[in-house]
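# Survey of secondary and tertiary structure
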Amino acid sequence: MEYNNRLNRNIEKVNKMPKFIKPWLLDKSIGRVVNFVGTAGIHFEKLTCHKVVISLQNKKKVQNHIGQIHAAATTLLAETATGMVVGMNIPDDKLPLMKDLSINFIRRSLGKQMAVAWLDDEQIEQIRNTPKGDLSVPIRVTDETGQEIIQAVMNWAWIPKK
C-alpha cells in the first residue's frame, strides 16, 4: 500500500485475493462505486499513486454509429483515469471534483482504447497536503494501434468534506 486512504485500503483487500479473480474483482468493486464506469465496462489494469492504466474494449454497448468507441465513452475513459490517480492520493477528509475538462479528438479510434494518467511527486504532495486546490492531471489516450486519439486537459479540484 502506497498511501493510507479509503481507495488504497480497498485495493489492498482486492490484491490479497487469489490472482485469477483479482482483475474481475477490481473492475466490479470500482464499477459498483462509480456506476457509469461499471456500465461502460472499463478495465483497471494498473492503479498506483503515481500512475493509473485503464482500458475499454470496443463493444456494442459503448459504440457509436460507425462501430467505434463513442466520443462520450472516450471522454469517460480519460476522466476515469485522471480521477482515479487523484483518488489514489486524496486524503479521506477531502472530496475530489472534476473542475473542467477539454477534449480535442485528433484521429478516428480503432478498436480497444487505453488511458494512462500520471502524477509527479510534486503534484502528489500538493493533493495530500493542501486543504483545497486544483491541478491539471496529465493523460494519454490511445487506441489499439498505439496512436494517440485525443488531446485532453483534465483539471481536478479537491475540497474539504462537509
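Predicted model, so just to flag it, every value in this text is computed and none were measured.

### As for helix H1 (residues 6-15)
In an α-helix, one full turn covers 3.6 residues, which means residues spaced three or four apart are oriented alike. For H1, the set of buried residues is Asn8, Ile11 and Val14. Viewed along the axis of H1, the buried residues span an arc of 115 degrees, placing them on a single side of the element. H1 presents Arg6 and Lys13 as exposed residues on the side facing more than 90 degrees away from its buried surface. On its buried face, H1 sits against helix H2 (22-33) and strand S1 (43-47).

### Re the packing of H1 against H2
Orientation of H1 relative to H2, taken along the N-to-C sense of each, is 150 degrees, at an axis distance of 9 Å. For the element pair H1 / H2, the angle class is roughly antiparallel. Along this stretch, H1 crosses H2, giving a crossing that reads as right-handed. On the side of H1, the interface is formed by Ile11, Val14 and Asn15, while H2 contributes Lys22, Leu25, Leu26 and Ser29. Partitioned by chemical class, the residues of the contact of H1 with H2 number four nonpolar, two polar and one charged.

### Observations regarding the side chain of Lys94
With respect to the helices, strands and loops of the structure, Lys94 is situated in strand S3 (residues 94-105). One polar contact links Lys94 to Asp93, side chain to side chain, over a distance of 3.1 Å. Not counting the four nearest positions on each side in its chain, Lys94 is found in contact with Thr130, Pro131, Trp158, Ile159, Pro160 and Lys161.

### Structural notes on the sheet that holds strand S6 (residues 139-143)
Spatially, S1-S2-S4-S6 is the arrangement adopted by the four strands of the open sheet, whose pairing is antiparallel. Sheet topology places S1 and S6 at the edges, where each strand pairs with a single neighbour. The average angle at which neighbouring strand axes cross in this sheet is 15 degrees, direction not considered. Here four bridges tie S1 to strand S2 (residues 51-56), and the two strands are oriented antiparallel to one another. Each residue of the ladder has a partner; that of Lys46, found in S2, is Val53. Contacts between helix H4 (residues 71-87) and the sheet are confined to S1, S2, strand S4 (113-118) and S6, with S2 contributing the most and set at about 155 degrees to the helix.

### Re H2
Its 12 residues place the ends of H2 17 Å apart at the C-alpha level, agreeing with the 16 Å of an ideal helix rising 1.5 Å per residue. Among the residues of H2, those classed as buried are Leu26, Asp27, Ile30 and Gly31. The arc enclosing the buried residues of H2, seen along the axis, measures out at 120 degrees, which places them on a common side. Among the exposed residues of H2, those oriented more than 90 degrees off its buried face are Trp24, Arg32 and Val33. Here the buried face of H2 lies against H1, helix H3 (35-40), S1 and H4.

### Some words on the nonpolar core
Core analysis: the largest hydrophobic core is formed by 42 residues, its most contacted members being Ile42, Phe44, Leu47 and Ile139. Here this core gets eight residues from one element, more than from any other, and that element is H4. Discounting chain neighbours no more than four positions away, the residues touching Ile42 are Asp27, Val37, Ile54, Ser55, Leu56, Leu76, Leu77 and Thr80.

Cut-offs used in this document
- Residues numbered from 1 in each chain as written.
- Predicted model: local features only at pLDDT ≥ 70, side-chain atom pairs only at ≥ 80, totals over all residues.
- Heavy atoms only, no water.
- Buried < 20%, exposed > 50% of the residue type's maximum accessible area, 1.4 Å probe, protein only.
- Helix = DSSP H or I, 4+ residues; strand = E, 2+ residues; numbered from the N terminus.
- Arc of directions from axis to C-beta.
- Contact = heavy atoms within 4.5 Å.
- Axes fitted to C-alpha atoms, helices over the stretch in contact; angles between N-to-C directions.
- Parallel < 35°, antiparallel > 145°, perpendicular 65-115°, else oblique.
- Left-handed = near helix turned anticlockwise from the far one by under 90°.
- Nonpolar A, V, L, I, M, F, W, Y, C, P; charged D, E, K, R; others polar.
- Polar contact = N/O pair within 3.5 Å; in protein donor to acceptor, adjacent residues only side chain to side chain.
- Pairing = 2+ DSSP bridges.
- Expected span 1.5 Å × (residues − 1).
- Core = buried A, V, L, I, M, F, W, Y, C linked by side-chain atoms within 4.5 Å.

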